[in-house]
Amino acid sequence: MSSQRSEALAFSLVTGINHAMAKLVDIWDSMGIMEEQRVERMETVKKHIEGLLNDMITEEEALKHRIRTNVITFEKQLDTLCLEMSMDPYKLEEGLTVLQIEKNLRLRVEVLTKEKGDRLKELHGLQQQDKELCLELCVIPYYVPTGSIPSRTQLQEFREHLKTLSEEKKSRAKVFSGLREDIRKLMEDMGQKPETSLEKESVCHGEEIFLLTHENIKALQLLLSQMKVKKESLMNTLAELKERAMCLWNRLEALEQDRTAFQESVQGTLSDQITQWQGEVDRLTVLQKAMLEDVIDKVRQELVALWDKCNQGTEQREPFNAHICDDDFTEELLALHDAELLKVKNYYDQAKPLLEVLHKWEKYWALFQDFEKKANDPNRFSNRGGALLKEAKEKVKVQKMLPKLEEELRTGVESWEKDQGTAFLVQGQRVMTYISTQWEEHKQLRSKEKSERATTSKKGEMTTLFKTPTKRAHGGMNTLTPNKIRKTPTQPIMVRSYSCNSSSTFISVPSSKPPLSQIQMQKTKSLERSNSSSSQRTPLQEYNGTEENKPVDISYSDFTGDLSKKTNDAVFNSTAKDLF
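Cut-off values and rules
- Numbering of residues begins from 1 in every chain and follows the order in which that chain's sequence is written.
- Since the coordinates come from a predicted model, pLDDT governs what is reported: local features require at least 70, and pairs of side-chain atoms require 80 or more to be given and counted, while whole-chain, interface and lining totals use all residues.
- Side-chain metrics rest on all non-hydrogen atoms present in the structure, leaving aside hydrogens and water.
- In this description a helix means any DSSP run of H or I spanning at least four residues, a strand means any run of E spanning at least two, and both kinds are numbered starting from the N terminus.
- The buried label goes to any residue with under 20% of its type's maximum accessible area, the exposed label to any with over 50%, and the partly exposed label to all in between, with areas taken from a 1.4 Å probe on protein chains only.
- Residues are treated as being in contact if the distance between any of their heavy atoms lies within 4.5 Å.
- One less than the residue count of a helix, multiplied by 1.5 Å, gives the span that helix is expected to have.
- Known as pLDDT, the predictor's confidence for each residue is given on a scale from 0 to 100.
- Here an angle of 0 to 180 degrees is reported between the N-to-C directions of two axes, which are lines fitted to C-alpha atoms, with helices fitted over the stretch in contact.
- Each angle gets one of four labels, with under 35 degrees taken as roughly parallel, over 145 as roughly antiparallel, 65 to 115 as roughly perpendicular, and the rest as oblique.
- By the definition used in this description, the sense in which the near helix is turned from the far one sets the handedness, with an anticlockwise turn below a right angle giving left-handed and a clockwise turn giving right-handed.
- We call Asp, Glu, Lys and Arg charged. Ala, Val, Leu, Ile, Met, Phe, Trp, Tyr, Cys and Pro are nonpolar, and the rest, Gly among them, are polar.
- Any Lys or Arg side-chain nitrogen located within 4 Å of an Asp or Glu carboxyl oxygen qualifies as a salt bridge.
- Any two rings among Phe, Tyr and Trp, with Trp reduced to its six-membered ring, count as a pair given centres within 6.5 Å; such a pair is stacked if its planes are under 30 degrees apart, edge-to-face if over 60, and tilted if neither.
- What is meant by a nonpolar core is a set of buried Ala, Val, Leu, Ile, Met, Phe, Trp, Tyr and Cys residues, joined one to another through side-chain atoms within 4.5 Å.

Taking an unreviewed UniProt entry as the reference, the protein chain is identified by name as Protein regulator of cytokinesis 1-like belonging to Oncorhynchus tshawytscha.

This is the structure we're talking about:
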């Protein structure tokens, strides 16, 4: 279609020229111009037309050359832009004319040039933000090669990097604010003003003057820990002053309203409170000097009570007994008593858990001994209302608790002695030696009681067998009625017959039922034999070996373990009582 239009335009152009020449010829004819002049004029017209066409052809050829040059230029620019912006090379479509190629290349160059400018502008802005954040956080700026155009991926990574830095800044600012607030509060509590440059910067209100570096944060954390230690030291000092004042108040028997009034008047920071309490301690110390004898006597009473609380024996108290008996009441003597009291208090605080366990063991040990005493009381079987069942349950509980407490004491003492580097003594003895001594003394007491009961029982038998019969009012030989005769299946009974000369004769009479007193006597003898057998060698002695007179460390679990092994040979007293 376009070729037909161009052909039509060319035909119309030729037709137009022909019409123009024909019109010129008619004009020339009407003017009477000769042939030669017509030829000249026609040549002039031809020359003009050819010149115009030649000019047009030259311009078009120049345009064609310029377009080709632009194509080459745009291609070079486009290759450079794609390389700088890390993009794939631009590919033209096939079958395009020069004009279309030039247009596509030109538009593509314009788009990439604009995008290059936008990237450089965004990069500049990101670098400015990065510079500010890096300056505040004291970190290395994000690396971007100088003179290069960042790719879209690089710009995205740069934006994520700035986001991370911003979050880090917020996190550090939050940590800094918390540390600054804690430091400021501690200084206010202690009544301390900032002295060093770090303290001044940490408590100032402006965050922008404090660089949020890791080193500064660590320095603030160290400062906070130092402040906490200092506050704790002041708190301990205040507590010691309070304890000292309380002790002096008690020694001097100060009135309760005076104590309350002073305590209510103490206000302000820790430093202020320490100053006020120190003044009160100094005042009480001056008063104490005028009452040294009474004060020292009270300290001695407190010291003795604390010794008893710590279960310290005579050997442990002996080094200070000379000062206890000293009647020269001086400030030096009071200082010695205070030092000893402080020493014993520190020991009590260190050994308090073990002392509590020991006190618990002694409590259950007393219950165990009480149960052993009750086991020898025959009247307990006449109790009603479930008393025996309740007693049995309590006894089982005590028997379970004693070995547990002994094991807890053993492990606790070993750990304590390892940590403290000194022996833990109870009444001057090692703990397990002390416990073994208690068991040995208990065993000896049991053996003594059994021996006494055996001796008393034998005397009773002899008295019964050899007692002289009393005379009856009427003579003659009388015998007991059959219903008065007590029978036993295995032993004969002795039936006494009386003659007129008051002599006594014993007759053996078989019986199927023994008398009640004889049954009780048989039980008592059997029990004494079992007790005597068990008293010959106890499990505790077997555990201690041949050193019977020397107490060794033995626990209740060892004692009861050996006890269970001996049950086939002998029955202990408490067990036998329970069986009855």
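Okay, the side chain of Asn 311 next. Along the polypeptide, Asn 311 turns up in the loop between α9 (292-309) and α10 (314-324). Overall, the relative accessible area of 13% leaves Asn 311 in the buried class. Beyond its immediate stretch of four places on either side in the chain, Asn 311 contacts Gln 316, Leu 355, Leu 358, Glu 362, Leu 425, Val 426 and Gln 427.

Before going further, it helps to examine helix α6 (residues 214-252). Compared with the 57 Å implied by 1.5 Å per residue over 39 residues, the 56 Å span of α6 between its first and last C-alpha is a close match. The first or second residue beyond α6 is Glu 253, which carries a positive phi of 55 degrees.

The next subject is the confidence of the model for the protein chain. Reading predicted coordinates in detail is not appropriate for stretches of low pLDDT. For the protein chain, the average pLDDT comes to 75, and 75% of its residues sit at 70 or higher. Counting interchain partners and residues more than four positions distant, the pLDDT-below-50 stretch residues 565-580 has 35 contacts.

Let us look at the packing of α6 against helix α11 (residues 331-375). Packing of α6 against α11 brings their axes to within 14 Å, and their N-to-C directions diverge by 120 degrees. The angle between α6 and α11 falls in the class oblique. Along this stretch, α6 crosses α11, giving a crossing that reads as right-handed. Contacts between α6 and α11 involve Glu 243, Arg 244 and Arg 251 from the former and Leu 334, Asp 338, Leu 341 and Lys 345 from the latter. Residues that form the contact of α6 with α11 fall into these classes: two nonpolar, no polar and five charged.

This structure, assessed with the given rule, holds 22 salt bridges. With a shortest N-O distance of 3.6 Å, Asp 338 and Arg 244 are connected by a salt bridge. With Asp 338 in helix α11 and Arg 244 in helix α6, this pair connects stretches of sequence that are 94 residues apart. The buried category is assigned to Asp 338, whose relative accessible area is 17%. Two residues, Glu 417 and Arg 430, come together in a salt bridge whose shortest N-O distance is 3.0 Å. With Glu 417 in helix α12 (residues 387-420) and Arg 430 in strand β2 (residues 429-430), the pair connects residues that are 13 residues apart, well separated along the chain.

As for its placement among the helices and strands, Leu 292 is situated in helix α9. Relative accessible area serves as the criterion here: at 13%, Leu 292 is assigned to the buried category. Along the primary structure Leu 292 and Asp 328 are separated by 36 residues, whereas in three dimensions their C-alpha atoms are 9.9 Å apart. Leaving out residues up to four positions away in the same chain, Leu 292 has contacts with Phe 329, Thr 330, Glu 331 and Leu 334.

As a further point, take the packing of aromatic side chains. Inspection of the entire model under this criterion finds 13 aromatic pairs. Ring centres of Trp 307 and Phe 320 lie 6.4 Å apart, and the angle between their planes is 75 degrees; this geometry places the pair in the edge-to-face category. Of this pair, Trp 307 sits in helix α9 while Phe 320 sits in helix α10, and the two are 13 residues apart along the sequence. Comparing Trp 307 with Phe 320 shows no difference in burial state: the two are buried. Taken together, the ring pairs connect Trp 361, Trp 365, Phe 368, Tyr 434 and Trp 439 into an aromatic cluster.

One finds Trp 277, Trp 361, Leu 402, Phe 424, Val 431 and Ile 435 to be the most contacted residues of the largest nonpolar core, which totals 76 residues. Breaking this core down by element, the ones donating at least two residues are α3 (98-137), α4 (152-190), α6, α8 (270-289), α9, α11, α12 and α13 (431-465). For this core, the element with the most residues is α11, which contributes 16 residues. Among the nonpolar cores identified, the runner-up in size contains 13 residues, and Ile 67, Val 71, Leu 81 and Met 87 belong to it.

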